[in-house]
Structures are given as structure tokens and as C-alpha cells.
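Descriptive structure summary
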Amino acid sequence: GGRTLVKTAQALHAQTLHVLSLDPDHGGAQYLMGRLHAGVMRMDRVTRFVAIRLLGGGALSGASWGEARARLEAAVMDDPCVPDHHYELARLYAERGDRNLAISQLEQLDDLTPSAPFASVFERASELLDELRLQSAGSD
């Protein structure tokens, strides 16, 4: 349920902050924090209000698109060989209206070797890239 999700997000937030206090450039922790911020910002206003105010998700109240972007960009810089980092950053760019940056980020996945654990990431990335290219062609 919602309360469990909020408590899990709070625990993830606390653990990630702890890792970042020990290693501020830790790519995995930056990625998780970026995903957390983006996830909160993707909630509609009512859901976000309920999660933060009524279900006790106070740690989620500081979420922002800017922080999500900065954290995901830091993750890509620290761990450029992790496909998920590129995909999530591209997804954020696309959602925020920056198609060109999103496409560029997804194209960087071409330099990585697809592997079984990341097969679904490469699949989703390919679908998003096709969608963005179609949008770009339609707007020209």
C-alpha cells in the first residue's frame, strides 16, 4: 500500500544520504537519489500531498526536478557504463521537454554492450528513442 511505499522511500532516502555522506560522488547512490526525486515529482499533486503530509513522507518534501537532473547527471558521469543511468536521465530530459538531450543520452547506449541483466533497459531505451525521433521528425 501507499504507507509501505512511503516508508520504503524514506528508508531508501536515509540510506542513500548516508552513502553520499561517505562518498559524495558514488554513482549508484546519486542514481537512486535522482530516481527518488524524479519519482516524487512524477506523482500528481494530490498523491504527492498525501504521501508527504498524510503518510509521513517528510523526507520526500524536498524533491525537485532540478535535484533529480543533477543527481542523474552525476550518476552518468561517475558510472557511464551503466545503461540504466543513461535511460533514466534520457527519460527525465524527455519529460522536461529537452528532446535533443534525451536523444543524445539514448544514443550513448549504442556504445554499451547489451547484457541479460539490462535487456529490458535497452528495450525501453530503444522504444523511447524511436518515439523521440518520431516527435522530432513531426516537428520539423
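Above this note sits the structure.
Throughout what follows, the structure given in this document is the object of discussion. None of the values given here were measured: they were computed from a predicted structure. (Residues numbered from 1 in each chain as written. Predicted model: local features only at pLDDT ≥ 70, side-chain atom pairs only at ≥ 80, totals over all residues. Heavy atoms only, no water.)

1. Re the overall build of the protein
- A count of helical and extended segments in the protein gives 7 helices and 0 strands.
- Taken from the N to the C terminus, the helices and strands of the protein come in the order α-α-α-α-α-α-α.
- For a compact globule of 140 residues, the expected C-alpha radius of gyration is about 14 Å, and the protein comes in at 16 Å, within 12% of that figure.
- Projected onto the principal axes, the alpha-carbon positions of the protein cover approximately 45 × 35 × 25 Å.
- The buried share among the 140 residues of the protein stands at 37%.
- Residue pairs at least 24 apart in sequence account for 60% of intrachain contacts in the protein once pairs closer than 6 positions are excluded.
- With an accessible surface of roughly 8,000 Å², the protein has 54% of that area assigned to carbon and sulfur atoms.
- Between the mean site of the 14 positive side-chain charges and the mean site of the 19 negative ones, the protein shows a separation of 12 Å. (Helix = DSSP H or I, 4+ residues; strand = E, 2+ residues; numbered from the N terminus. Rg over C-alpha atoms; globule rule 2.2 N^0.38 Å. Buried < 20%, exposed > 50% of the residue type's maximum accessible area, 1.4 Å probe, protein only. Contact = heavy atoms within 4.5 Å. Areas by Shrake-Rupley, 256 points an atom, 1.4 Å probe, with all protein chains shown as cover. Lys, Arg positive; Asp, Glu negative; His and termini not counted. Charge placed at Lys NZ, Arg CZ, Asp CG, Glu CD.)

2. Examining a negative patch on the surface
- Residues Glu123, Glu127, Asp130 and Glu131 make up a contiguous surface patch of negative charge.
- Looking at the element boundaries, Glu123 is found in helix H7 (residues 119-139).
- Accessibility expressed as a relative area gives 52% for Glu123, which makes it exposed. (Patch = residues over 30% accessible without salt bridge, like charges linked within 9 Å, V, L, I, M, F, W, Y side chains within 5 Å. Salt bridge = Lys/Arg side-chain N within 4 Å of Asp/Glu carboxyl O.)

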